[in-house]
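Per-entry structural report
Chain by chain, the residues run as shown.
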Amino acid sequence: MNICIFCSAGDVDQTFQNEAATLADGIAAAGHTLVWGGSDTGLMRVCADAAQSRGGKIVGISMERLRHKIRQGADEMIVAPELAERKALMLKRSDVLVALVGGIGTLDELLEILELKKHGVHNKPVLVVNTDDFYGGLLLQLQTMEALGFLPMAFDELATFVDSAAGALAKLSELTHESQSSK
């Protein structure tokens, strides 16, 4: 499977770095391909380092204005002209989408993926790794939207929230088995 990780390009607390490394290492160990934003900074670098050190394949999808931050040595690097095309390519190239901690860019990517799923543009699994309750506010907001009738479906049909990289890897293992069983 191709597994896309949305995450911070910034340097963040070691707790979040450990979670990113654990997730990317587990993705590579399971034989999956890591699709990510292509930058060689912050959590993006941590993910790429961990996947490559395990011998995993990494596919970066960056954009022209971030060309100076691109990771050298990726198995494949795609440079989109603009952000909208970058996000579309990340969705197209992925079987599963995972959000780690991040800033506005990560939140934008996650919310767009959820909006597209809500409209039936894709039906790919979306996992949100809620390390140290980082996405607790978002989870509460989605539950509130559902309770008040602002979502046309249950929020857990849009995304699965897990507490850790280990939880995400367990869910990815389930999805892999489901995928293999349906073939």
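Residues numbered from 1 in each chain as written. Predicted model: local features only at pLDDT ≥ 70, side-chain atom pairs only at ≥ 80, totals over all residues. Heavy atoms only, no water.

1. Observations concerning the pattern of salt bridges
- Tallied over the full model, the rule gives 10 salt bridges.
- Across the salt bridge formed by D25 and R54, the nearest N and O atoms sit 2.9 Å from each other. With D25 in helix α1 (residues 14–29) and R54 in the loop between α2 (42–53) and β3 (58–63), this pair connects stretches of sequence that are 29 residues apart.
- A relative accessible area of 24% places D25 in the partly exposed class. (Salt bridge = Lys/Arg side-chain N within 4 Å of Asp/Glu carboxyl O. Helix = DSSP H or I, 4+ residues; strand = E, 2+ residues; numbered from the N terminus. Buried < 20%, exposed > 50% of the residue type's maximum accessible area, 1.4 Å probe, protein only.)

2. Describing the sheet that holds strand β2 (residues 33–36)
- What the 7 strands build is an open sheet, ordered β4-β3-β2-β1-β5-β6-β7; its pairing is parallel. The sheet is open, and its two borders are formed by β4 (76–80) and β7 (160–162), each paired with just one other strand. Taking each pair of neighbouring strands and ignoring which way they run, the sheet shows an average axis angle of 20°.
- Two strands pair when backbone bridges link them, and strand β1 (residues 2–6) and strand β5 (residues 96–99) are joined in this way by 4 bridges, in the parallel orientation. Opposite I5, over in β5, you have V98 as the bridge partner.
- Relative to the sheet, helix α4 (residues 104–118) contacts β1, β5 and β6 (126–129), its axis offset from that of β6 by approximately 150°. (Pairing = 2+ DSSP bridges. Axes fitted to C-alpha atoms, helices over the stretch in contact; angles between N-to-C directions. Contact = heavy atoms within 4.5 Å.)

3. Re the packing of α1 against α2
- Axis separation between α1 and α2 bottoms out at 8 Å; the angle between their running directions is 35°. Seen along the crossing, α1 lies across α2 with a hand that is right-handed. Residue-level inspection shows F16, Q17, A20, A21, A24, D25 and A28 of α1 in contact with α2, the latter providing L43, V46, C47, A50 and A51.
- By residue class, the composition of the contact of α1 with α2 is 10 nonpolar, 1 polar and 1 charged. (Left-handed = near helix turned anticlockwise from the far one by under 90°. Nonpolar A, V, L, I, M, F, W, Y, C, P; charged D, E, K, R; others polar.)

4. Thoughts on the side chain of R71
- Mapped onto the secondary structure, R71 falls in the loop between β3 and β4.
- Under the relative-accessibility criterion, R71 is labelled buried at 10%.
- A distance of 2.7 Å separates a polar atom in the side chain of R71 from a polar atom in the side chain of D40.
- When near neighbours in sequence (up to four residues on either side) are disregarded, R71 contacts W36, G38, S39, D40, R45, A48, D49, Q52, I58 and M77. (Polar contact = N/O pair within 3.5 Å; in protein donor to acceptor, adjacent residues only side chain to side chain.)

5. A short note on the environment of R86
- Inspection of the secondary structure puts R86 in helix α3 (residues 83–92).
- Residues R86 and E64, 22 residues apart in the sequence, show an inter-C-alpha distance of 9.6 Å.
- The residues contacting R86, other than those within four sequence positions of it, are G37, M44, I61, S62, M63, L66, A80 and E109.

Note that all results are geometric; they support no functional claim without further evidence.
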